[in-house]
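For reference, the chains in residue letters:
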Amino acid sequence: CIRDRSSTMFYNRNISMMGYLASFSIMATLAACSDDDVSGPVFDPNVPPQNVQVVSGDSSSTEVKNTISWTEDPTATDYVVYVSNTPDVTDSSSEVVPTLEGADFVTHSGTDVIAGTPLYYRVQALSATQSSVLSAEVTGTPQQSITTNNLNDVAWNGTDTLVAVGDVGAIITSPNGLQDGWTSTAVGGLAESLSAVTWNDSPSQFLIVGAGLTVLGGDGTTWNQADMSNISIAASGDLEDVAWVVDRYVAVGKNNLVITSPDGSDSSWTVQNGGDLSDNVTLLGVASNGDGSKTVAVGTNGTLLTSDNRGETWIPWTVTESNSLNDVTWDGSQFIVVGATGTVYTSTDGIDWQKSTLVSVDSAFNGVTQWDSSLPTDPILAIVGATGDFIVFPDATTALFIRTGTTEPLSANTWVDDGVNPAYFVIVGHDGFVLTSQTQ
């Protein structure tokens, strides 16, 4: 028999991983059994280590590193990780001397791990006198963090610019977060916490929102702070997230605040109805489906609101969570909401919400993948969380927990496919963390 490790459906359709991750069903063949097999699984040297991944990056207080992880084989007794600075790693290549290791990962750092320089890895499983064939080759390219501030969000413009934002007015940019490093482009004198950033092609700009009704528009190099004096004092508050919805920006925040603008410019913002909720609710995330017929906002106390008119009026919906709902995205066929205590909700229409049982952990999930520049044909979803969590969903029944090399809170992630490098996630978090994970 083959043991089925699947759980309830997460997506309404299967998603091709484009070679990113092998299905857990491959791993399950190692445990194939029959009614007469009482000896348990047997090590198979012809099966390579599965789901080998690299997460690369740095925080302000640690050196750059690559964390290589895999799915643990219960029949293996040890692993060897081979590394080279050129492709086509073999078992004659150098072995990684880990600075940290476990049963399913090693961390590679030191003088041979250099910011902006790719390294190539393959993993081999060992059992007694046997060695497995080598895994598929994976690549890690770490970049160095340049800020000590917590980073709260990151967005990509679809061509040549990543922007990450954070506390104390932190704004850092990079052409790709891999070969090219990060640069600070902070606005002089701005000390407000910046909560979110999004990109939209028309108007062609990044838009950043943050505390004290801060709104900045720019191209990643030059930033203009919007005059928000037309917003009444009674409606003022901290902005937590922003999304482009067909023909307008919709921003949400503290005290149940929802404001909209056609272009994000001076005095163009209008206060909208937040759904008749108490003022102690903070709205933390907002997203819309492709045609703007449904917009969803989420927040503290299990708050979930929907709008049928691009943010002008809102209807509250009841979900079973009383904890914070921290982020929401649209993947082309459904909304995905994440929150505290491992909460994941999905809905195809914004009306009927289902709680996913595919992930059962108590960690607070802070962010779910955003595709600001454009939605891929087959989007790959990832969640990041409060204890360094990075969970990738390659298909409707699989959740892959990938080691990040940290237990620090991670805040947000975006997807980059520039046609030059294999597509990859960019992740940001506390203590200035900037991480990448390329598709393998």
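Residues numbered from 1 in each chain as written. Predicted model: local features only at pLDDT ≥ 70, side-chain atom pairs only at ≥ 80, totals over all residues. Heavy atoms only, no water.

A few words now on the overall build of the protein chain. Counting secondary structure elements, the protein chain contains 1 helix and 36 strands. Relative to the compact-globule value of 22 Å for 440 residues, the protein chain shows a C-alpha radius of gyration of 22 Å, a close match. In terms of overall dimensions, the protein chain has a C-alpha envelope of 75 × 50 × 30 Å along the principal axes. Counting across all 440 residues of the protein chain, residues that qualify as buried make up 56%. Considering only contacts within the protein chain whose residues lie at least 6 apart along the sequence, 56% involve residues at least 24 apart. Surface accessibility of the protein chain: about 17100 Å² in total, with carbon and sulfur atoms responsible for 47%. (Helix = DSSP H or I, 4+ residues; strand = E, 2+ residues; numbered from the N terminus. Rg over C-alpha atoms; globule rule 2.2 N^0.38 Å. Buried < 20%, exposed > 50% of the residue type's maximum accessible area, 1.4 Å probe, protein only. Contact = heavy atoms within 4.5 Å. Areas by Shrake-Rupley, 256 points an atom, 1.4 Å probe, with all protein chains shown as cover.)

Before going further, it helps to spend a moment on the nonpolar core. Counting residues in hydrophobic clusters, the biggest one holds 28 residues, and the most contacted among them are Phe390, Phe393 and Phe425. Looking at this core, the elements that each hand over two or more residues are strand E27 (335-339), strand E30 (365-368), strand E31 (381-385), strand E32 (390-395), strand E33 (398-401), strand E34 (410-416) and strand E35 (424-429). (Core = buried A, V, L, I, M, F, W, Y, C linked by side-chain atoms within 4.5 Å.)

As summarised here, the arrangement of the 4 strands in space is E10-E11-E12-E13, forming an open sheet in which the pairing is antiparallel. Looking at the sheet topology across the chains shown, the edges are occupied by strand E10 (151-156) and strand E13 (183-184). Bridge count between E10 and strand E11 (residues 162-166): 5 bridges; the pairing is antiparallel. Bridging across to E11, Val154 finds its partner in Ala164. (Pairing = 2+ DSSP bridges.)

Taken in spatial order, the 4 strands of this open sheet run E14-E15-E16-E17, and their pairing is antiparallel. Bordering the open sheet on either side are strand E14 (194-201) and strand E17 (223-225), each of which pairs with just one other strand. For this sheet the average axis-to-axis angle between neighbouring strands, irrespective of direction, equals 20 degrees. Direction of pairing for E14 relative to strand E15 (residues 204-210): antiparallel, over a ladder of 7 bridges. Its bridge partner lying in E15, Thr198 is registered against Leu207. (Axes fitted to C-alpha atoms, helices over the stretch in contact; angles between N-to-C directions.)

Attention now moves to the pattern of salt bridges. Overall, the coordinates contain 6 salt bridges when judged by the stated rule. With a closest N to O distance of 4.0 Å, Arg122 and Glu137 form a salt bridge. Remark: Glu137 occurs in the loop between strand E8 (130-131) and strand E9 (138-140) and Arg122 occurs in strand E7 (residues 119-127); sequence separation between them is 15 residues. With relative accessibility at 21%, the residue Glu137 sits in the partly exposed group. When the shortest N-O distance is used, the salt bridge between Arg248 and Asp247 registers 2.9 Å. Classification of Arg248 as buried rests on a relative accessible area of 12%. Three or more residues joined by partner-sharing salt bridges are found here, namely Asp247, Arg248, Arg310 and Glu312. (Salt bridge = Lys/Arg side-chain N within 4 Å of Asp/Glu carboxyl O.)

This paragraph deals with unusual backbone geometry. Backbone torsion omega between Ser202 and Pro203 reads 5 degrees, so that peptide bond is classified as cis. With respect to the element layout, Pro203 can be found in the loop between E14 and E15. Here Asn255, not a glycine, exhibits a phi torsion of approximately 60 degrees, which is positive. Its identity as a non-glycine residue notwithstanding, Asp431 has a phi of 60 degrees, on the positive side. Its place among the elements puts Asp431 in the loop between E35 and strand E36 (434-438).

With that out of the way, let us pick up the confidence of the model for the protein chain. Looking at the protein chain as a whole, its pLDDT mean stands at 89, while 91% of the residues score no less than 70. Between residues 1-36, whose pLDDT stays under 50, and residues either more than four places distant or in other chains, the model counts 88 contacts. (pLDDT = per-residue confidence, 0-100.)

Before going further, it helps to spend a moment on the packing of aromatic side chains. Scanning the entire structure with this criterion turns up 8 aromatic pairs. Ring centres of Phe206 and Trp223 lie 6.4 Å apart, and the angle between their planes is 50 degrees; on these two criteria the pair is classed as tilted. You can see Phe206 sitting in strand E15 and its partner Trp223 sitting in strand E17, a full 17 residues away along the chain. Each member of the pair Phe206 and Trp223 is classed as buried. Where Phe335 meets Trp353, the ring centres are 6.4 Å apart and the plane angle is 40 degrees; that geometry is what we call tilted. (Phe/Tyr/Trp six-rings, centres within 6.5 Å; stacked < 30°, edge-to-face > 60°.)

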